Amino acid sequence: MSEVLELYNRINGQPCSCGNTHKTSLRKLVVGSGVIGNLPEIVRELGAEHPFLLADPNTWKAAGQKVNDVLAGNGMNVSRYVFSKSRPEPDESSVGSAIMHFDHSCDIVIGIGSGVINDIGKILSKTAGRPYIIAGTAPSMDGYNSATSSMAMDGLKVSIPSGCPDVIIGDIDVLKLAPREMLISGLGDMLAKYVSICEWRIANLLVGDAYCENIASLVRMSLAECVNNAEGLMEREPDAVRAVFEGLVVCGAAMEFAGLSRPASGVEHYISHLWDMRGLALGTPVSTHGIQCAIGTLTALRAYESLRNVVPDRKRALAYVKAFDFERWSEELRAFLGSGAETMITAETREQKYSVEKHAARLERIIGHWGQLLDIMREELPAAGDIEKLLKKIGCPSAPAEIGIGNELLPMTFRASKDIRDKYVLSRLLWDLGILDEVADKLI
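Residues numbered from 1 in each chain as written. Predicted model: local features only at pLDDT ≥ 70, side-chain atom pairs only at ≥ 80, totals over all residues. Heavy atoms only, no water.

Participant: Residues and numbers for the nonpolar core, please.
Facilitator: Among the nonpolar cores identified, the biggest contains 130 residues, and Tyr 304, Leu 307, Leu 333 and Phe 414 are the most heavily contacted of them. Contact partners of Phe 414, with chain neighbours within four places excluded, come to Val 267, Ile 271, Thr 299, Ala 303, Leu 426, Ser 427, Leu 430, Leu 436, Ala 440 and Leu 443. Of all hydrophobic cores here, the second largest spans 25 residues; its members include Val 35, Val 43, Met 76 and Ile 133. (Core = buried A, V, L, I, M, F, W, Y, C linked by side-chain atoms within 4.5 Å. Buried < 20%, exposed > 50% of the residue type's maximum accessible area, 1.4 Å probe, protein only. Contact = heavy atoms within 4.5 Å.)

Participant: Residues and numbers for the environment of Leu 373, please.
Facilitator: By the element assignment, Leu 373 lies in helix α18 (residues 370-380). For the pair Leu 373 and Arg 201, spaced 172 residues apart in sequence, the C-alpha to C-alpha distance is 8.8 Å. Not counting the four nearest positions on each side in its chain, Leu 373 is found in contact with Ile 202, Leu 205, Leu 206 and Ile 366. (Helix = DSSP H or I, 4+ residues; strand = E, 2+ residues; numbered from the N terminus.)

Participant: Explain the sheet that holds strand β2 (residues 51-55) residue by residue, including any values.
Facilitator: Here six strands make up an open sheet; going across it, the order is β1-β8-β5-β4-β2-β3 and the pairing parallel. Every interior strand has two partners, whereas the edge strands, β1 (28-32) and β3 (79-82), have only one. Averaged over all pairs of adjacent strands, the angle between strand axes in this sheet comes to 15 degrees, irrespective of strand direction. Strand direction decides the pairing type here: β2 and β3, joined by four bridges, are parallel. Residue pairing in the sheet places Leu 53 in a bridge with Arg 80 of β3. (Pairing = 2+ DSSP bridges. Axes fitted to C-alpha atoms, helices over the stretch in contact; angles between N-to-C directions.)

Participant: Any chance you could break down the pattern of salt bridges for me, citing the residues and the numbers?
Facilitator: Taken as a whole, this structure holds 31 salt bridges when the rule is applied. The salt bridge involving Lys 193 is made with Asp 142; its shortest N-O contact spans 2.4 Å. Pair noted here: Lys 193 is in helix α8 (residues 193-207) and Asp 142 is in the loop between β5 (132-136) and β6 (148-153), with a separation of 51 residues, a long-range link. Arg 302 is paired through a salt bridge with Glu 388; the nearest N and O atoms lie 3.2 Å apart. (Salt bridge = Lys/Arg side-chain N within 4 Å of Asp/Glu carboxyl O.)

Participant: Can you lay out the packing of aromatic side chains for me, pointing to particular residues and giving the numbers?
Facilitator: All chains considered together, the criterion is met by 10 aromatic pairs. Seen from their ring centres, Tyr 320 and Trp 431 are 6.4 Å apart, and the 70 degrees between their planes marks the pair as edge-to-face. In this pair, Tyr 320 sits in helix α14 (residues 314-323) while Trp 431 sits in helix α21 (residues 426-433), placing the two residues 111 residues apart along the sequence. Like Trp 431, Tyr 320 is buried. Geometrically, the ring pair formed by Phe 326 and Tyr 354 is tilted, given 5.8 Å between the ring centres and 45 degrees between the ring planes. (Phe/Tyr/Trp six-rings, centres within 6.5 Å; stacked < 30°, edge-to-face > 60°.)

Participant: Can you tell me about unusual backbone geometry, naming the residues and giving the values?
Facilitator: With phi around 60 degrees, Arg 236 is a residue other than glycine that occupies positive phi space. Positive phi values are uncommon outside glycine, yet Gln 352 reaches one of about 55 degrees. Within the fold, Gln 352 resides in the loop between α16 (341-351) and α17 (356-368).

Participant: I'd love a proper account of the pairing of β2, names of residues and values included.
Facilitator: Of all the five residues making up β2, five are buried; the element is thus mostly covered by neighbouring parts of the structure. Once you follow β2 into helix α3 (residues 57-73) and on to β3, the crossover reads as right-handed. (Right-handed = clockwise from strand over helix to strand, strands pointing away.)

Participant: Outline the state of the cysteines, listing residues and values.
Facilitator: By definition, a disulfide links the sulfur atoms of two cysteine residues through a covalent bond. Applying the stated criterion across every chain yields a total of zero disulfides. Distance from the sulfur of Cys 198, which forms no disulfide, to the nearest cysteine sulfur (Cys 251) is 16 Å. Unpaired in this structure, Cys 293 has its nearest cysteine sulfur neighbour in Cys 396, at a distance of 10 Å. (Disulfide = S-S within 2.5 Å.)

Participant: Any details on the packing of α8 against α18? Residues and values, ideally.
Facilitator: At a minimum axis separation of 9 Å, α8 and α18 run at an interaxial angle of 160 degrees. As summarised for this structure, α8 and α18 are arranged roughly antiparallel, according to the angle between their axes. In terms of crossing hand, the pair formed by α8 and α18 is right-handed. Contacts from Tyr 194, Ile 197, Cys 198, Arg 201, Ile 202, Leu 205 and Leu 206 of α8 reach α18 at Gln 372, Leu 373, Ile 376, Met 377, Glu 379 and Glu 380. Residues that form the contact of α8 with α18 fall into these classes: nine nonpolar, one polar and three charged. (Parallel < 35°, antiparallel > 145°, perpendicular 65-115°, else oblique. Left-handed = near helix turned anticlockwise from the far one by under 90°. Nonpolar A, V, L, I, M, F, W, Y, C, P; charged D, E, K, R; others polar.)

Participant: Explain the environment of Glu 181 to me, and be specific about the residues and the numbers.
Facilitator: With respect to the element layout, Glu 181 can be found in helix α7 (residues 180-191). For Glu 181 and Gly 395, which are 214 residues apart along the polypeptide, the C-alpha to C-alpha distance reads 9.0 Å. Ignoring any residue separated from it by four or fewer positions in sequence, one finds Glu 181 in contact with Ser 287, Thr 288 and Ile 291.

Participant: Explain the layout of surface pockets to me, using residue names and the numbers behind them.
Facilitator: Put simply, the second largest pocket is a space of about 350 Å³. Of all the elements in the fold, those that place two or more residues in the lining of the second largest pocket are α16, α17 and α21. Sort the elements by how many residues they give to the lining of the second largest pocket and α21 lands first, with three residues. Here the residues of the lining of the second largest pocket sort into five nonpolar, two polar and 12 charged. (1 Å grid on protein atoms, 1.4 Å probe; cavity = no way out; pocket = protein on both sides within 12 Å on 5 of 7 lines; lining within 4 Å. Points joined across faces, edges and corners; volume = space filled by probe spheres on them.)

Shown next, in the form of structure tokens:
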């Protein structure tokens, strides 16, 4: 057993030094060569006999037929729904289609795929009240084991509570044959953890978000394993594929342990979400989640490097916030995102992040803890240049233009990232300091 899984097992279900007991709903993680062959036994362990398979044309070809044959060959009555689109959208239409095609005589749902199929499968299983197994087809993202589904709803990217899989199957013989873009995407999603852990600590210090060092250590260890195996992953070496897949699953578990997305998601994810939202509303290009997160991570690291050279200026920050025109900013969001901006704009009524009084209190805390903030950045973040070299080495895009998104959109994307969720991330810290526009404009 790897050191990552050993630490995962020590955390799972045990009293923690942070005062909580962290638990995941995942009953079993099965990773290895040929483990799809174990599915009949696993299905019966969950008290089921009539599986419902959910896939898209690509994932059906990669593993769906094999799953079907293994189950049917062991005497099980198998039903299935394969989306007509090779890349179904994670939206209301796809969820509705899966629910409408569900065979209610089935007693278990088995998703065959990665990001979108897993997100829809988790919602379907929760809605139907059935156990859920995901048979992964690519080590491409960290949502396998999360208890939420990342969906587009009313034009906004949202995380919907959907429940955690009961079992995750990672057949190395399938995973190692995933398209190269998906392998790169998985590593890109893991690189985001540099920023997410940094921002988790910053949010704990400045706004009181609950933090657990054991969970953070688990994520750091998983990230290190993935980075150390980066070149092997590109060569499809089984040990490297296993390391990255396990790392992604463990980071999903870390989010469930913490009860929030902090351990694995920060401003870099919001950059990706904004590009997804533009794609939905305006038809602009989008890439895979992990590749967009990799570009977002490099963007965030460059912005953090600018921040390290800053000396907080109370007078400047207060004047910046006093002059901030929310109505004007709302119009900029509408122009940038289309209809998806409305939910973000409306959220300010509840969040009050632009309140002059609340800002003044945060600013005093920032100034009072500036040395600690610099220490956190130094301890958690690699040099942007090192990550850029790694991205180039594995053939991952490192600039928006490489995935069809104009580099000139980066400043606005970065500024808008503070409005996606009510979560304290880098763009909010820069806004509080009165330097968001200045830093954002330097990102091109």
